[in-house]
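Coordinates in review
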Amino acid sequence: MPWPRRSIGRAGSIGLTSAGGRCDMGQPRALPPVIDVALIGDSHANILRQYLAPRLRFAASMVAPSKHFAGQFCTIADDRLHIAQGDLLSIFPRLDGPRRDAMLNARARLDTQLQAIIAGRGPIVSTLGSATHRFYRTHAAGFRTQDQAAPQYSGKMLRALLGSFCAPYLDFHRHLVTSGRTVVFVPAPARIPDEHPAPWLAYDGYMHAEMTRMGVTVLDTHGDTCDETGTLRADFAADDVLHGNDTWNALVINKLAQVLPEMAIGQDRS
């Protein structure tokens, strides 16, 4: 008899399920249906996946914290898209041996997941490249002045930084689109800090414009969730500094269902 596995629910409760998918009382556990949609992205994608877990499962997914998609995270060779491994030390120079090995192993797993997605034909939902905070943190010193009145970077320099930082994300999605896949990009919640909102807004605007230009459908998650300053309203914010709550998730799923009918079963009809 297989040893029971532990499962952790969304609220943090721990239960036991057997390897056959039965609960401790011996009743079969009904699994939600699998839809022919793939999910790609960072923690924002993971939160969406957890929210949808009781109602649907994605055909394939490649989801990891945004640090795994830093720098030149992907390569395209012989018209094949892969998750790169060679630039880790340039991005994370303080990585020691064990942590570097862990990152390499994680990227190898992500590449395996990516190849499974590429082998499919269904549409792809992506949050990859929506982590605006990584752009801000990378260039934070240039966005601050002594009086906090304005960024040190000129508009021309800001555009150059955006082009360089966003290029790997754009290359990644462009390859998927030119391969014939339908791609829907979900921008992250606009958790913009009070100081220096300009680079955050510039990043979101740049990604929206470039993704749209290449044929990606960009979901408008800001119009219904932000205040007059472009910042996420409190009723859509999770209890952290980056993510949306279940109200935000529900809105995103409803919008996804409008462009991808397969997502309709993920809507909360309670």
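Residues numbered from 1 in each chain as written. Predicted model: local features only at pLDDT ≥ 70, side-chain atom pairs only at ≥ 80, totals over all residues. Heavy atoms only, no water.

Comments concerning the packing of helix H1 (residues 43–52) against helix H7 (residues 246–259)
Contact geometry of H1 with H7 gives a least axis separation of 10 Å together with a crossing angle of 85°. Taken together, the axes of H1 and H7 are roughly perpendicular relative to one another. Only Asp246, Asn249, Ala250, Val252 and Ile253 of H7 make contact with H1, whose side of the interface consists of Ile47, Leu48, Tyr51 and Leu52. Residues that form the contact of H1 with H7 fall into these classes: seven nonpolar, one polar and one charged. (Axes fitted to C-alpha atoms, helices over the stretch in contact; angles between N-to-C directions. Helix = DSSP H or I, 4+ residues; strand = E, 2+ residues; numbered from the N terminus. Parallel < 35°, antiparallel > 145°, perpendicular 65-115°, else oblique. Contact = heavy atoms within 4.5 Å. Nonpolar A, V, L, I, M, F, W, Y, C, P; charged D, E, K, R; others polar.)

Points about unusual backbone geometry
The backbone of aspartate 78 sits at a positive phi, close to 55°, despite the residue not being glycine. By relative accessible area, aspartate 78 is classed as exposed at 76%. The backbone of aspartate 79 sits at a positive phi, close to 60°, despite the residue not being glycine. Mapped onto the secondary structure, aspartate 79 falls in the loop between strand E5 (74–77) and strand E6 (80–83). A relative accessible area of 60% means that aspartate 79 is categorised as exposed. (Buried < 20%, exposed > 50% of the residue type's maximum accessible area, 1.4 Å probe, protein only.)

What to know about the packing of helix H5 (residues 155–178) against helix H6 (residues 197–214)
Look at H5 against H6: their axes get within 10 Å of each other, and the N-to-C directions meet at 35°. Crossing hand, H5 versus H6: right-handed. Along the contact surface, H5 presents Leu158, Leu162, Gly163, Phe165, Cys166, Tyr169, Leu170, His173, Arg174 and Val177, while H6 presents Ala202, Tyr203, Tyr206, Met207, Glu210, Met211 and Met214. Its residues assigned to classes, the contact of H5 with H6 shows 13 nonpolar, two polar and two charged. (Left-handed = near helix turned anticlockwise from the far one by under 90°.)

Some details on helix H3 (residues 97–119)
An ideal rise of 1.5 Å per residue puts 33 Å on 23 residues; H3 measures up with 33 Å between its terminal C-alpha atoms. Met103, Leu104, Ala106, Arg107, Leu110, Asp111, Leu114, Gln115 and Ile117 are the residues of H3 that are buried. (Expected span 1.5 Å × (residues − 1).)

Here's the deal with the side chain of histidine 243
Among the structural elements, histidine 243 can be located in the loop between strand E9 (217–218) and H7. Within the structure, the side chain of histidine 243 is placed 2.7 Å from the side chain of serine 43, a separation counted as a polar contact. Looking at histidine 243, its side chain comes within polar contact range of the side chain of aspartate 240, at 2.7 Å. What histidine 243 contacts, discounting residues up to four positions off in sequence, is Ser43, His44, Ile47, Pro189, Arg191, Ala237 and Ala238. (Polar contact = N/O pair within 3.5 Å; in protein donor to acceptor, adjacent residues only side chain to side chain.)

Section: the packing of aromatic side chains
Under the counting rule described, the total for this entry stands at seven aromatic pairs. Seen in terms of ring centroids, phenylalanine 135 and phenylalanine 165 are 5.3 Å apart; in terms of plane orientation they differ by 70°. Their pairing is edge-to-face. In this pair, phenylalanine 135 sits in helix H4 (residues 132–138) while phenylalanine 165 sits in helix H5, placing the two residues 30 residues apart along the sequence. As far as the burial class goes, phenylalanine 135 and phenylalanine 165 line up, both buried. Note on phenylalanine 165 and tyrosine 203: the rings are 6.1 Å apart at their centroids and 70° apart in plane angle, and the pair reads as edge-to-face. Note that phenylalanine 165 is positioned in helix H5 and tyrosine 203 in helix H6, a separation of 38 residues in sequence. Both residues of the pair, phenylalanine 165 and tyrosine 203, belong to the buried class. An aromatic cluster is present here, built from Phe69, Phe73, Phe135, Phe165, Tyr169, Phe172 and Tyr203 joined pairwise through their rings. The ring of tyrosine 51 has arginine 55 sitting right over it, with the charged end atom 4.8 Å from the ring centre. (Phe/Tyr/Trp six-rings, centres within 6.5 Å; stacked < 30°, edge-to-face > 60°. Lys NZ or Arg CZ within 6 Å of the ring centre and 35° of its normal.)

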